[in-house]
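Now for the letters of each chain:
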Amino acid sequence: MAGNGNDSPAIGIDLGTTYSCVAVWKHNRTEIIPNDQGNRTTPSCVAFANKERLIGDGSNNQQATNPANTVFDANRLIGRRFSDSKVQEDIKLWPFKVIQGSDDTPKIVVTYKGEKKEFMAEEISSMILGKMKETAEAYLGKVVKDAVITVPAYFNDSQRQATKDAGTIAGLNVIRMINEPTAAAIAYGLDNKSDIVGKINVLIFDLGGWNFDVSIMTIEEGGVFEVKAVAGDTHLGGEDFDNRMVDHCVLEFKSRRWNKDLTGNQRALGRLRFACEKAKRILSCANQSSIELDSLHDGIDLYMKFTQAKFIELNMDLFKSSIKTLETCLSDAKMKKSCIDHVILVGGSTRIPKVQRMLLEYFNGRELCKSVNPDEAVAYGAAVLASKLSGNTEKSVQDVGLHDVTPLSLGVGVKGHRFGVVIPRNTQIPTSKSRIYVTASDNQSEVGIVVYQGERSKCTDNHLLGQFIVSGIPPAPKGVSKIMVYFEIDANGILTVTVVITSTGKIEKLTINDANRRLSKEVIEKMVSDAEKYKLEDQEFEKKARAYNKLEDCVYTMKNKIKEYNIKKREPSETMKEMEKAIAETSKWLGDNHDAPFAELDLKKMHLEFVCKPLFRYKNKVAEYN
Ligand code: AMP
């Protein structure tokens, strides 16, 4: 990489709720890195099976057969409390179990290798990030440490902190976190550099699997990106559309045709969700698709046709709500829709024709920009920023300047349970702002500072980030002693709160701890070592599986060799007997020892090869087994 003097390149990771994508800046352009299956995006999913842990493509296939131990949607849990109403809504839909851990932390419960295990969402996300890191390392042939990770624009401080922690657990040095739409705009800006004259306004419409973000940005000729406003819904996306389809099928199954309730059958629901998602994708390019599931429940098959019209009818309110959010974003940016020069589509769900038609209508027929692949744009932009931050001196990368904004207002609880905003939403970051508050009673010696994030005027309706008590206020009549509350947001969108008693100069800082979901150093360290442990276990499993296959192939080859050359007639009967005995014994041993350790498998193979050495005197026509 030019100029960074570092042979470990920084990567960009789009840690999506449903799919993740990794990219790197190389040879003066961004390269999307395919995974070990050759796919450019990887399902954000981890399956825990009896013998192994599968991350990405392999795990996705387990959703239908092993739903209780196949974990997805970690992004919907990360940085949230178990009692959060959104978490409670999601739990009802997930086939895996989530319980309330200490401190109201949600814990995912699975059975792995026959044992019950509990994981935090950060750990699941770290497994996915680890997979993306490995994908990049395999492609680049180098160890990768530094990464820019993207988050939905509407993620609050806790969710950002938790995502950063997930990166640390995965062994990554998170050099920056940026909002997904901002990353997409960078991708768009670089891809259309020559067409940008002066300053243009772009609207990024990002409808993914679970999150919906709208951002309005200006891009200046030369590459300065300024976010004007963001709006969104952390609970709107493709999986909601899938759920509507699932609910419809469940209803059909129950009330109309078969009179059977399959809501308690998790395996059937998993298979149905999988089929609905597939049918939905087909409806993006055909008027009709079908769901065909043999023996779905109680031996009954489900065969149903799905038309585009039905799909639209089931989801119209959700599509309309996305347009409402878009209008909020325009009004926050103080722009009319005619001010928008380009509408950029990001996220797999923007492929839905009805969504595109509604956007076209809203913008009076203005063409929608699809020049950057909606599944890859976010990782693309993150990789550009990663390269810039790691010192790449190439002009196109250095020119990228970024002015992001804070997605939600930040402030403190004040008298009367009101929310006193210190930094309003859509303020450009990094930023710092302060407010002065006075004591509310005579001789008040301490004050509680409760920090919230959100847009509601009653403080408790917002998201609680943390709280602390500032003591040592000198005795004085009510309203005399002053307390300065200082908020600082860094380039990652992460907040530090400092409080100063103005008369004494005493300073208190908000230590980010359990109260706002930040994991302690000790917990992170434990998770890092667990992540390493699971990785080693995975490697051990693979090594064992490969040795098992090799021994199986060896038995097969030896058996064939005997047959092929009619060796029975050529070799002395004693040698023959010994070889046949060894082959039969090894074959039986294999059947009885599926879990044998690698060394034992290797020894067995060496032994069989040794006994069957005479076979190699004959020309080798049978398949090689190594
Ligand atoms: P993303 O989070 O951007 O990867 O988007 C994933 C979501 O896009 C999932 O809910 C997919 O089902 C959905 N999706 C992907 N391709 C299509 C398509 N062709 N039509 C409709 N939805 C799609």
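Residues numbered from 1 in each chain as written. Predicted model: local features only at pLDDT ≥ 70, side-chain atom pairs only at ≥ 80, totals over all residues. Heavy atoms only, no water.

This part takes up the overall build of the protein. From N to C terminus, the protein includes 17 helices and 29 strands. Reported as C-alpha extents along the three principal axes, the dimensions of the protein are approximately 110 × 60 × 55 Å. For the protein, buried positions account for 55% of its 626 residues. Sequence separation of 24 or more characterises 66% of the internal contacts of the protein that already satisfy a separation of 6 or more. (Helix = DSSP H or I, 4+ residues; strand = E, 2+ residues; numbered from the N terminus. Buried < 20%, exposed > 50% of the residue type's maximum accessible area, 1.4 Å probe, protein only. Contact = heavy atoms within 4.5 Å.)

A word on the site of the ligand. Taken together, 15 residues are adjacent to the ligand, and Thr18, Glu277, Lys280, Ser284 and Gly348 come closest. Contact distances for the ligand include 2.7 Å between an oxygen atom and a side-chain N or O atom of lysine 280. Contacts to the ligand include arginine 281, whose side-chain N or O atom sits 3.4 Å from a nitrogen atom. Isolated, the ligand exposes 510 Å² of accessible area, and the fraction of that covered by the protein chains is 89%. For the shell around the ligand, the secondary-structure elements that each account for two or more residues are helix 8 (238–256) and helix 9 (266–283). Element by element, the count of residues in the shell around the ligand is highest for helix 9, at three residues. Residue classes in the shell around the ligand are distributed as two nonpolar, eight polar and five charged. (Near = heavy atom within 4 Å. Polar contact = N/O pair within 3.5 Å; in protein donor to acceptor, adjacent residues only side chain to side chain. Areas by Shrake-Rupley, 256 points an atom, 1.4 Å probe, with all protein chains shown as cover. Nonpolar A, V, L, I, M, F, W, Y, C, P; charged D, E, K, R; others polar.)

A separate point is the confidence of the model for the protein. Scored by pLDDT, the protein has a mean of 86; 92% of the residues are at 70 or more. Taken element by element, the predicted model of the protein shows its lowest mean pLDDT in helix 15 (residues 567–570) (68) and its highest in strand 1 (residues 11–15) (97). A low-confidence stretch, residues 1–6 stays under pLDDT 50, and its non-local contacts, those more than four residues away or across chains, total 16 contacts. Counted against residues more than four places away or in other chains, residues 511–517, with its pLDDT under 50, gives 21 contacts. (pLDDT = per-residue confidence, 0-100.)

The terminal C-alpha atoms of helix 12 (residues 377–389), which comprises 13 residues, lie 19 Å apart, in line with the 18 Å expected from a rise of 1.5 Å per residue. Of the residues making up helix 12, those classed as buried are Ala377, Val378, Ala379, Tyr380, Gly381, Ala382, Ala383, Val384, Leu385, Ala386 and Ser387. After helix 12 finishes, the residue glycine 391 shows a positive phi value of roughly 95 degrees. (Expected span 1.5 Å × (residues − 1).)

Here we take up the nonpolar core. Judged by nonpolar contacts, the single largest core of 50 residues is most densely connected at Leu203, Phe205, Leu272, Ile291, Leu326 and Leu359. With eight residues, the top contributor of residues to this core is helix 10 (residues 308–332). Apart from residues no more than four positions distant in its own chain, isoleucine 291 is found in contact with Cys249, Leu272, Ala275, Cys276, Ala279, Leu302, Tyr303, Met304 and Phe306. Ranked by size, the runner-up nonpolar core spans 46 residues in total, among them Phe72, Ile91, Ala147 and Met177. (Core = buried A, V, L, I, M, F, W, Y, C linked by side-chain atoms within 4.5 Å.)

Here the focus is the state of the cysteines. Scanning the entire structure with this criterion turns up zero disulfides. Of all cysteine sulfurs in the structure, the one in cysteine 339 sits closest to cysteine 329, which takes part in no disulfide; the separation is 13 Å. (Disulfide = S-S within 2.5 Å.)

Overall, the coordinates contain 10 aromatic pairs when judged by the stated rule. When the centroid spacing of 5.1 Å and the interplanar angle of 20 degrees are considered together, the rings of tryptophan 94 and phenylalanine 96 count as stacked. Judged by its relative accessible area of 5%, tryptophan 94 is buried. We classify phenylalanine 96 as buried; its relative accessible area is 3%. (Phe/Tyr/Trp six-rings, centres within 6.5 Å; stacked < 30°, edge-to-face > 60°.)

For the rest of this paragraph, the subject is the side chain of serine 349. Residue placement: serine 349 occurs in the loop between strand 18 (342–346) and helix 11 (353–362). With near-sequence residues (within four places) excluded, serine 349 lies in contact with Leu207, Gly208, Gly237, Gly238, Phe241 and Val355.

Before going further, it helps to examine the sheet that holds strand 9 (residues 106–112). Taken in spatial order, the three strands of this open sheet run 8-9-10, and their pairing is antiparallel. A strand with exactly one partner marks an edge of an open sheet, and here the two such strands are strand 8 (97–100) and strand 10 (115–119). The sheet shows a mean angle of 35 degrees between the axes of neighbouring strands, direction not considered. In the sheet, strand 9 pairs with strand 10 via five bridges, with the strands oriented antiparallel. Paired with isoleucine 108 across the bridge in strand 10 is phenylalanine 119. (Pairing = 2+ DSSP bridges. Axes fitted to C-alpha atoms, helices over the stretch in contact; angles between N-to-C directions.)

Moving on, we get to the sheet that holds strand 6 (residues 53–55). Spatial strand order, 6-5-7: three strands in an open sheet with antiparallel pairing. For this open sheet the edge positions go to strand 6 and strand 7 (70–72), each flanked by a neighbour on one side alone. Neighbour-to-neighbour, the strand axes of the sheet open up by a mean angle of 15 degrees, direction not taken into account. Here strand 5 (residues 45–48) runs beside strand 6; their pairing, made up of three bridges, is antiparallel. Looking at the pairing, phenylalanine 48 lines up with arginine 53 of strand 6. Its contacts with the sheet place helix 5 (residues 121–140) against strand 5, strand 6 and strand 7, and it is angled at close to 105 degrees to strand 5.

Note: strand 28 (residues 495–501) against strand 29 (residues 506–509), four bridges, orientation antiparallel. The partner of threonine 498 across the bridge, within strand 29, is lysine 509.

Throughout the structure, instances matching the rule amount to 21 salt bridges. Ionic pairing is found between lysine 228 and glutamate 226, a salt bridge with its closest N-O pair at 3.0 Å. A residue is classified by how much of its surface remains accessible, and lysine 228, at 28% relative accessible area, is partly exposed. Owing to a relative accessible area of 18%, glutamate 226 belongs among the buried residues under this scheme. Ionic pairing is found between aspartate 317 and arginine 244, a salt bridge with its closest N-O pair at 2.8 Å. One end of the pair, aspartate 317, is in helix 10; the other, arginine 244, is in helix 8, and 73 residues separate them in sequence. (Salt bridge = Lys/Arg side-chain N within 4 Å of Asp/Glu carboxyl O.)

For the rest of this paragraph, the subject is the environment of alanine 170. Within the secondary structure layout, alanine 170 lies in the loop between helix 6 (157–169) and strand 12 (173–179). For alanine 170, a relative accessible area of 15% puts it in the buried group. It is 17 Å that separates the C-alpha atoms of alanine 170 and valine 71, two residues lying 99 residues apart in sequence. If we ignore the near neighbours within four places in the chain, the residues touching alanine 170 are Ser126, Leu129, Gly130 and Lys133.

Our next topic: the pairing of strand 17 (residues 300–307). Successive side chains on a regular strand alternate, one facing one side of the sheet and the next facing the other. Burial of the side chains of strand 17 is restricted to one face: Ile300, Leu302, Met304 and Phe306 are buried, whereas none of Asp301, Tyr303, Lys305 and Thr307 on the reverse face is. Pairing analysis gives seven bridges linking strand 16 (residues 288–297) to strand 17, with the strands arranged antiparallel. Bridging across to strand 17, isoleucine 291 finds its partner in methionine 304. Counting the residues that bridge the hairpin from strand 16 to strand 17 gives two residues, and of these aspartate 298 lies at a positive phi of roughly 50 degrees.

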